[in-house]
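# Structural overview
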Amino acid sequence: MKNVTLSLSLAIVCLSCSSTKSTSKDNTSQSTTVAIDTSSEKVASPEPEKKIMRTMLVGKEDRKALEEAPFNTWYTTNYSNYSVNKTLIPDITNGLNGVTVTTFMGTWCGDSKRETPRMFKILDVANFDNSDLELITVDRTKQNPTEFTSGQNIKRVPTFIFKRDGKEIGRIVERPIESLEKDMIKILNGETYKHAYEK
């Protein structure tokens with residue numbers, strides 16, 4: 001009886017290993033086929049790249065960044081809806097000769113969203129050279145990026161700084177006193193002008 005049990009056990013083990021080897025070969029073959037199919041599918045139909053949308057701009061920017069989503073929702077509307085006082089444009093155009101304008105603004109700030117598109121529209125109507133316009137976007141502390149804000153005394157945004165020969169001749173802070181056009185003319189003509197927070 002022991003011999004029969006031993007022989008039967010040995011036969012099962014032999015058949016088992018043989019079955020395993022055969023299964024193993026089949027699995028390897030199937031696995032290779034699956035791997036080849038998978039790689040060819042990836043080559044044939046690559047995944048589209050996902051575009052990361054910025055929700056806040058911080059740094060030196062080209063003004064075209066404001067024309068892209070999500071900023072274009074407020075920039076384009078406020079730019080289009082602003083009616084420039086065209087009777088004042090000749091004075092502004094003459095006054096802007098040799099002047100640079102630096103804009104400090106926050107894409108998170110309601111005043112910046114309102115006044116920056118308006119200022120840029122005035123500059124466009126006055127044919128201001130965009131190479132003389134610098135746009136710096138700041139975070140909520142109004143101190144970052146420090147390489148641009150350091151020494152500029154930025155406490156509120158937007159702040160539009162007008163310089164002639166590298167020297168500041170005036171600034172409009174947060175909102176104009178009369179209108180952007182009238183405030184600009186006073187600054188550009190060297191008239192007495194105090195911004196909204198100047199004593």
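Everything that follows concerns the structure shown earlier in this document.
Presented here is a report on the structure given in the accompanying data block. (Residues numbered from 1 in each chain as written. Predicted model: local features only at pLDDT ≥ 70, side-chain atom pairs only at ≥ 80, totals over all residues. Heavy atoms only, no water.)

## Looking at the overall build of the protein chain
Counting its secondary structure elements, the protein chain contains six helices and five strands. In the protein chain, the succession of helices and strands from N to C terminus is α-β-α-α-β-α-β-α-β-β-α. Within the protein chain, buried positions represent 34% of all 199 residues. (Helix = DSSP H or I, 4+ residues; strand = E, 2+ residues; numbered from the N terminus. Buried < 20%, exposed > 50% of the residue type's maximum accessible area, 1.4 Å probe, protein only.)

## As for the pattern of salt bridges
What the rule picks out here adds up to eight salt bridges. Between Arg175 and Glu174 there is a salt bridge; the shortest N-O distance is 3.5 Å. The partly exposed category is assigned to Arg175, whose relative accessible area is 37%. Of the charged contacts in the structure, one is a salt bridge between Glu178 and Lys186, with a shortest N-O distance of 2.8 Å. Through salt bridges with shared partners, a single ionic network connects Asp111, Arg114, Glu115 and Arg118. (Salt bridge = Lys/Arg side-chain N within 4 Å of Asp/Glu carboxyl O.)

## Digging into the packing of aromatic side chains
All chains considered together, the criterion is met by three aromatic pairs. Sitting over the ring of Tyr79, Lys121 keeps its end group 5.6 Å from the ring centre. Here the basic side chain of Arg156 rests over the ring of Tyr197, its NZ or CZ set 3.7 Å away from the ring centre. (Phe/Tyr/Trp six-rings, centres within 6.5 Å; stacked < 30°, edge-to-face > 60°. Lys NZ or Arg CZ within 6 Å of the ring centre and 35° of its normal.)

## Details of unusual backbone geometry
A cis amide bond links Asn144 to the next residue, Pro145, at an omega of 10°. Tracing the backbone through its elements, the reader meets Pro145 in the loop between strand S3 (133-137) and helix H5 (146-149). Val157 connects to Pro158 through a cis peptide bond whose omega is 5°. Within the fold, Pro158 resides in the loop between H5 and strand S4 (159-164). The phi torsion at Asp165 lies on the positive side, around 55°, for a residue other than glycine. Topologically, Asp165 is positioned in the loop between S4 and strand S5 (167-173). Of note in this structure, Glu174 is not a glycine but carries a positive phi near 70°. Relative to the assigned elements, Glu174 resides in the loop between S5 and helix H6 (180-188).

## Quick look at the packing of helix H4 (residues 110-125) against H6
The geometry of H4 relative to H6 is characterised by a closest axis approach of 11 Å and an angle of 65° between their N-to-C directions. Two packed elements cross with a definite hand, and for H4 against H6 that hand is right-handed. Side by side, H4 and H6 meet where Glu115, Arg118, Met119, Ile122 and Leu123 of the first sit next to Leu180, Glu181 and Met184 of the second. (Axes fitted to C-alpha atoms, helices over the stretch in contact; angles between N-to-C directions. Left-handed = near helix turned anticlockwise from the far one by under 90°. Contact = heavy atoms within 4.5 Å.)

## Things to note about the packing of helix H2 (residues 72-81) against H4
Interhelical geometry of H2 versus H4 gives an angle of 50° and a closest axis separation of 8 Å. When the interaxial angle is binned, H2 and H4 end up oblique. As H2 runs across H4, the sense of the crossing is right-handed. Between H2 and H4, the residues in contact are Trp74, Tyr75, Asn78, Tyr79 and Ser80 and Ser112, Lys113, Arg114, Pro117, Phe120, Lys121 and Asp124, respectively. When its residues are assigned to classes, the contact of H2 with H4 shows five nonpolar, three polar and four charged. (Parallel < 35°, antiparallel > 145°, perpendicular 65-115°, else oblique. Nonpolar A, V, L, I, M, F, W, Y, C, P; charged D, E, K, R; others polar.)

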